[in-house]
Each structure stands twice: as C-alpha cells, then as structure tokens.
Amino acid sequence: MKWTLQQLEAEKETGLSFEETVDVSDLREADPEIREISPVQVTGHAWFEDRKIIFALQIFGKMVLPSSKTLEDVDYPIHLQATEVFRLDSGVEEDGEEEILHDIEHDTVDLLPFVKEAILADKPIRVANEDEKPLASGNGWTLVSESERQNRVDPRLAKLAEFLEENND
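What counts and what doesn't
- Residue numbers restart at each chain and count upward from 1, following the sequence in its written direction.
- Where local features are concerned, this predicted model is filtered to residues with pLDDT of at least 70; where side-chain atom pairs are given and counted, the filter is 80 or more; whole-chain, interface and lining totals use all residues.
- Side-chain metrics in this entry use all non-hydrogen atoms of the structure; hydrogen atoms and water are not considered.
- By nonpolar core is meant a set of buried Ala, Val, Leu, Ile, Met, Phe, Trp, Tyr and Cys residues that side-chain atoms within 4.5 Å join together.
- Classification of residues uses two cut-offs on accessible area relative to the type maximum, computed with a 1.4 Å probe and protein chains only: under 20% is buried, over 50% is exposed, and between them is partly exposed.
- Labels follow the DSSP assignment, with helices taken as runs of H or I lasting at least four residues and strands as runs of E lasting at least two, numbered in each case from the N terminus.
- Contacts are assigned to residue pairs with any non-hydrogen atoms lying within 4.5 Å of each other.
- A pairing counts as a salt bridge when a side-chain nitrogen of Lys or Arg comes within 4 Å of a carboxyl oxygen of Asp or Glu.

### What to know about the nonpolar core
Judged by nonpolar contacts, the single largest core of 34 residues is most densely connected at V40, V42, F55, I59, L111 and I119. Contributions of two or more residues to this core are made by α1 (5–10), β2 (16–22), β4 (40–49), β5 (52–66), β6 (73–87) and α3 (112–122). Residue contributions to this core peak at six residues, all from β5. Setting aside anything within four residues of it in sequence, one finds I119 in contact with V24, L27, I37, V40, I59, M63, I78 and L80.

### Considering the side chain of H102
On the secondary structure map, H102 appears in strand β7 (residues 101–103). Residue H102 is classed as buried on the basis of its relative accessible area of 16%. Once you skip the residues sitting within four places of it in the chain, H102 turns out to touch E84, V85, F86, R87 and F114.

### Observations regarding unusual backbone geometry
With the exception of glycine, most residues fall at negative phi, and the peptide bonds are largely trans. With a phi close to 55 degrees, D50 is a non-glycine residue in the positive phi region. Of note, D50 is situated in the loop between β4 and β5. Phi angles above zero are rare outside glycine, and D107 is one such case at about 55 degrees. Following the sequence through the fold, D107 ends up in the loop between β7 and β8 (108–110). On the accessibility criterion, D107 (51% relative accessible area) is exposed.

### Some details on the pattern of salt bridges
Note on pairing: side chains with opposite charge can pair once their charged atoms come close. Here the structure, examined in full by the defined rule, presents five salt bridges. Between D103 and R87 there is a salt bridge; the shortest N-O distance is 2.6 Å. Here R87 lies in strand β6 and D103 lies in strand β7, a separation of 16 residues in the sequence. Several salt bridges converge on common partners, so that one network encompasses D31, E33 and K123.

Have a look at this one:
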C-alpha cells in the first residue's frame, strides 16, 4: 500500500483502484487491549482533485478484545470507511475542519500508518458478548432491585427495628 508519485501520476486519468491484505498485528503492541487481530483487507480508490490526491478506503477484518463485564475474549468485526487526502504541494490549504491534509514525504504515499490509525480510532471503549448476562452477585455483594432494597432492613439497624416494633406494641 505504498506508491510513488510517479506511479500515481500514471493513473491520473482513470484513477487507481486497489485491494490488498495487510498485516497490522503490531497494533497489539500499540494497544494492549487488542488480544489478537487478523490481517485486514483494504479496498480503495484514489483520484486526483485540484492539487490533491484523495484515497477512499474500506477496511475489513477482525480483532479480539476483552469483554468489559467478564474479561473473556470477544470477537469484534472491523468494518470501517476512511478517507485520506494528500496535498501535492504545500500551497494547498485545508477546506475546513473536516478535511485533514497530509503531506507527501519522499515522493511516496504510504497508506499503512493511516489504516492502523483508523483501526485504533474505531476500536470501541467497551465490548460485551451478546450471550453475557449481567452479573447479579459477586464476592460480598448482590444486585437487588429498587423494591427489594426498600423492603430490606439494613442488618446494622435490625436491633433498632426490633426495638421500635416492641415500643409500637
């Protein structure tokens, strides 16, 4: 997923279409929550507009993340779209806040770092298996409903409740 400006210029009239499978396993080092990540398939199209090269990307793959409830492995599908815009010369200005322009370094466009960045940006903060039931109890605690909570007497106040019942009789 690396092209020289000369290769891109040769495709200026028709645009460049591509489909590649890339290894992004080093993302596990960048984010320790990613337990496993498959090679991702990147399909895209590039075209010239004004003095810019625009890449429209679709990224597909799968990563394994820890469940936010049980810390067990959860398969999370990667299906995202990204657009990266590179300026051909430094005189091109950004067209607002939504468009971020990248400079072309050493007359080469390398999309792999941008694919990795898009995957990390799309990674959810929390995931859970669809099968997981919410935890109802744990070590020293139990989940109760509001009505159960209102009807329950705090064990620290049980003696006081007995004393009040005796006085009411």
